[in-house]
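Structural overview for review
Spelled out from the first residue to the last, the chains are:
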Amino acid sequence: MITGATRLAGVIGDPVRHSLSPAIHNAAFAACGLDWVYVALPVPAGEGGAAVRAMRALGIEGLSVTMPHKADVAGAVDELTPVARTLGVCNCLYRRGDRIVGHSTDGDGFVAAFETRFGRAPAGLRFLVVGAGGAARSIVEALGRAGAASIVVANRSPDRAAEVAALAAVATTGRLGDREAVAAADAVVNATSLGMEGGPEPGAVPVPIEALRPDHLVVDIVYEPRVTPLLAAAEAIGADAADGVGMLIGQAALSFELWTGVAAPLEAMTRAALGPPS
Ligand SMILES: NC(=O)c1ccc[n+]([C@@H]2O[C@H](COP(=O)([O-])OP(=O)(O)OC[C@H]3O[C@@H](n4cnc5c(N)ncnc54)[C@H](OP(=O)(O)O)[C@@H]3O)[C@@H](O)[C@H]2O)c1
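Residues numbered from 1 in each chain as written. Predicted model: local features only at pLDDT ≥ 70, side-chain atom pairs only at ≥ 80, totals over all residues. Heavy atoms only, no water.

**Considerations on the pattern of salt bridges**
Following the criterion strictly, the structure yields 12 salt bridges and no others. A salt bridge links Arg145 to Asp108; the nearest nitrogen and oxygen atoms lie 3.1 Å apart. Pair noted here: Arg145 is in helix H6 (residues 134-145) and Asp108 is in helix H5 (residues 106-118), with a separation of 37 residues, a long-range link. Note that Asp215 is salt-bridged to Arg213, the shortest N-O span being 2.8 Å. For Arg213, a relative accessible area of 27% translates into the label partly exposed. (Salt bridge = Lys/Arg side-chain N within 4 Å of Asp/Glu carboxyl O. Helix = DSSP H or I, 4+ residues; strand = E, 2+ residues; numbered from the N terminus. Buried < 20%, exposed > 50% of the residue type's maximum accessible area, 1.4 Å probe, protein only.)

**Considerations on the site of the ligand**
As a matter of local geometry, the ligand sits amid 22 residues, with Asn155, Ser157, Arg160, Glu201 and Ile221 nearest to it. Ala132 places a main-chain nitrogen or oxygen 2.9 Å from an oxygen atom of the ligand. A distance of 3.2 Å separates an oxygen atom of the ligand from a polar atom in the backbone of Leu248. Burial of the ligand by the protein chains amounts to 79% of its free accessible area of 930 Å². (Near = heavy atom within 4 Å. Polar contact = N/O pair within 3.5 Å; in protein donor to acceptor, adjacent residues only side chain to side chain. Areas by Shrake-Rupley, 256 points an atom, 1.4 Å probe, with all protein chains shown as cover.)

**Quick look at the packing of aromatic side chains**
A full pass over the atoms with the stated rule returns 6 aromatic pairs. With centroids separated by 6.3 Å and ring planes inclined at 35°, the aromatic side chains of Phe110 and Phe114 adopt a geometry described as tilted. Here Phe110 pairs with Phe114, and both are found in helix H5, just 4 residues apart, close to one helical turn. Summarising the burial analysis for this pair, Phe110 and Phe114 share the class buried. Joined through ring pairs, the aromatic side chains of Phe110, Phe114, Phe118 and Phe127 make up one cluster. (Phe/Tyr/Trp six-rings, centres within 6.5 Å; stacked < 30°, edge-to-face > 60°.)

**Structural notes on the sheet that holds strand S9 (residues 171-174)**
If you trace the 6 strands from one edge of the open sheet to the other, you get S9-S8-S7-S10-S11-S12, paired in parallel fashion. Because the sheet does not close on itself, it has two edges, and the strands there are S9 and strand S12 (240-242). Each strand of the sheet is rotated relative to its neighbour by a mean of 20°, with strand direction disregarded. One ladder, built from 3 bridges, connects strand S11 (residues 217-220) with S12; its direction is parallel. Within S12, the residue paired with Val219 across the bridge is Ala242. Helix H9 (residues 229-236) rests against strand S10 (187-190), S11 and S12 of the sheet, and its axis sits at about 160° to S11. (Pairing = 2+ DSSP bridges. Axes fitted to C-alpha atoms, helices over the stretch in contact; angles between N-to-C directions. Contact = heavy atoms within 4.5 Å.)

Set out below in structure tokens:
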């Protein structure tokens, strides 16, 4: 029941009505018995700074931030964490006393999900990350901190790949479609929007699948559909393949813990993201 004591969190973005975050976070609050509620707040482009001021004025405890506000809010908070400063974007705002702190949980959420799903840390592994958008930036930066042995960043636009590779000392750039880059990797990550429902080039696979081996760890961060063409190809040859729901939950769990100080109930959050069994 919502009462005068209920605490408020939410997600700002445009569009945001389709977001899975309300289902995930409200399930987490319920599982932990917390008197909190999480809502989707449509905020038009250019109003990210106003939303940060509103967070302060309204006493909102925490905000998730999605497109198009991730960079805008970074310029409007009182303080940025080192990760948010490096990336220049925030996906999570939390309060520390009177101050509003901007942070990014995407990269560490990816690493946490990788560890949970594969039962091993990225430390010492050789990664091929395909893509150089916002998600790839977070992932490469976090893999660098997590001690990856090497990271090859391959992207359609090579200039963007170089910018992303600059975020980790062990990262270099590669060529999209290069079989040798796949062969030389322990783990292959799709961080492009290829494979996404309603995304570019339906059915296209972002890596040369003929170079995949059964011992590859494969992650597709796209989570709609859950089984992308890359994951289907990886599973067909017996490779261990993880979908994007893990990263989605990983980043949400870290935000939840910053807001509430309570350990995130991962199972309840995952069930909420997946919806009722079909
Ligand atoms: N699981 C999660 O928690 C999570 C979190 C964030 C994002 N995602 C998913 O990850 C995907 C990327 O998100 P983002 O925010 O990084 O997007 P973004 O910033 O728009 O980047 C898109 C990336 O996809 C590449 N790309 C687009 N169309 C392509 C094509 N036809 N051929 C080859 N490459 C193409 C772009 O290459 P260019 O640089 O050459 O344009 C770029 O590298 C989306 O599907 C998103 O839903 C998942």
